[in-house]
Amino acid sequence: MPIILENVDYIYQPGSPYEVKALQNINLVINEGEFVGLIGHTGSGKSTLVQHLNGLLKPTKGRVIVDDQEIAATKKTNLKEVRKKVGLVFQYPEHQLFEETVFEDIAFGPKNLGLSATEIKKRVKKAMQMVHLDYDKYHSLSPFTLSGGEKRRVAIAGVLAMEPKYLVLDEPTAGLDPRGRDEILAQIEELHNQGMTVVLVSHSMDDVARLTKRLIVMHHSAVVYDDETRKVFSHYESLQEIGLDIPTVTKLMFRLKEKGWSVRQDVLTVEEAKEEILLALKEEKPHA
Ligand code: ADP
Ligand code: MG
């Protein structure tokens with residue numbers, strides 16, 4: 001069963017002079033098994049949108065349906081059930097690490113579910129394995145002694161320990177060095193390959209091009225594209241107009257085409273670009 005957003009509006013501080021309409025008539029379906037990217041410049045409404053997926057924010061208007069649970073302004077919903085299903089990793093999640101040990105931090109959510117000590121330990125171990133943190137080495141350390149990438153992985157493990165069906169990550173690589181970034185992305189990809197439904201908010205066009213099949217683009221509180229990633233990036237000019245770029249290799253293909261090369265422009269990865277360029281070189285007739 002999917003997550004559905006129907007005619008969702010969200011207004012911060014409604015009726016006050018600081019009122020902000022952060023979401024405007026959002027209609028979306030996130031299906032099980034998908035890997036969906038979400039992009040848009042700062043302030044376009046991405047974080048507000050993803051906080052609706054697990055009921056952290058309730059729509060001002062419209063409704064969100066998570067499997068069989070409906071979330072709407074006037075409705076009482078069992079949000080605990082929703083949050084068990086939809087794991088949300090915030091931007092800079094390490095700011096929410098506050099326990100004395102890595103174990104305690106990851107165990108925080110499962111403890112709130114009222115699970116037994118044995119089950120909690122099992123879940124912590126499994127979640128740490130999923131983000132490649134060695135249990136024996138890390139479980140008794142203070143989270144504050146860890147590197148940026150390791151802290152981020154502890155935070156993600158805390159969400160995974162809830163065994164969610166959907167994993168929503170709000171810019172999980174922000175502020176990490178290239179190595180930390182690559183590790184986190186590889187782990188997210190692995191989780192998806194094992195069947196996890198993933199929604200990834202990202203600033204990196206290269207990352208969403210490589211990882212996602214479907215891409216949602218937000219601009220001024222609304223969804224402006226929701227399509228196959230490849231198709232979305234064919235709108236180079238419109239994306240530029242709303243302050244977004246396209247992946248590096250896609251841009252390279254646009255440039256080559258401008259210079260008269262006969263290459264496809266809907267290329268998303270380095271591998272695809274290589275194939276296209278080799279093909280174009282082969283076809284090119286040698287000059288007399
Ligand atoms: P993004 O994640 O794409 O940068 P946000 O969802 O954070 O966008 O923000 C969308 C709009 O809502 C922006 O105009 C932002 O300033 C505003 N906003 C976000 N959080 C709050 C808040 N807690 N109170 C008031 N306005 C907010
Ligand atoms: Mg944000």
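This text gives an overview of the structure that appears in the document.

Rules used throughout
- Residues numbered from 1 in each chain as written.
- Chains lettered and ligands numbered in written order.
- Predicted model: local features only at pLDDT ≥ 70, side-chain atom pairs only at ≥ 80, totals over all residues.
- Heavy atoms only, no water.
- Near = heavy atom within 4 Å.
- Polar contact = N/O pair within 3.5 Å; in protein donor to acceptor, adjacent residues only side chain to side chain.
- Areas by Shrake-Rupley, 256 points an atom, 1.4 Å probe, with all protein chains shown as cover.
- Helix = DSSP H or I, 4+ residues; strand = E, 2+ residues; numbered from the N terminus.
- Buried < 20%, exposed > 50% of the residue type's maximum accessible area, 1.4 Å probe, protein only.
- Pairing = 2+ DSSP bridges.
- Axes fitted to C-alpha atoms, helices over the stretch in contact; angles between N-to-C directions.
- Parallel < 35°, antiparallel > 145°, perpendicular 65-115°, else oblique.
- Left-handed = near helix turned anticlockwise from the far one by under 90°.
- Contact = heavy atoms within 4.5 Å.

## A word on the site of ligand 1
The environment of ligand 1 is made up of Tyr12, Gln13, Val20, Ala22, His41, Thr42, Gly43, Ser44, Gly45, Lys46, Ser47 and Thr48. A distance of 3.2 Å separates an oxygen atom of ligand 1 from a polar backbone atom of Ser44. The contact in question runs from an oxygen atom of ligand 1 to an N or O atom on the side chain of Thr48, over 2.5 Å. For ligand 1, whose accessible area on its own is 560 Å², the fraction buried by protein is 62%. Of all the elements in the fold, those that place two or more residues in the shell around ligand 1 are β2 (20-30) and α1 (46-53).

## Re the pairing of strand β3 (residues 35-39)
Among the 5 residues in β3, 5 count as buried, and that is most of the element. Burial along β3 is two-sided: Phe35, Gly37 and Ile39 and Val36 and Leu38, pointing in opposite directions, are all buried. Looking at chain direction, β3 and strand β9 (residues 214-219) are connected through 4 bridges and run parallel. Paired with Ile39 across the two strands is Val217, which belongs to β9.

## Details of the packing of helix α6 (residues 148-160) against helix α7 (residues 178-193)
Where α6 contacts α7, the axes come no closer than 10 Å and their chain directions differ by 20°. Compared by their axis directions, α6 and α7 come out roughly parallel. Considering the relative orientation of α6 and α7, their crossing is right-handed. On the side of α6, the interface is formed by Gly149, Arg152, Arg153, Ile156 and Leu160, while α7 contributes Glu183, Ile184, Gln187 and Leu191.

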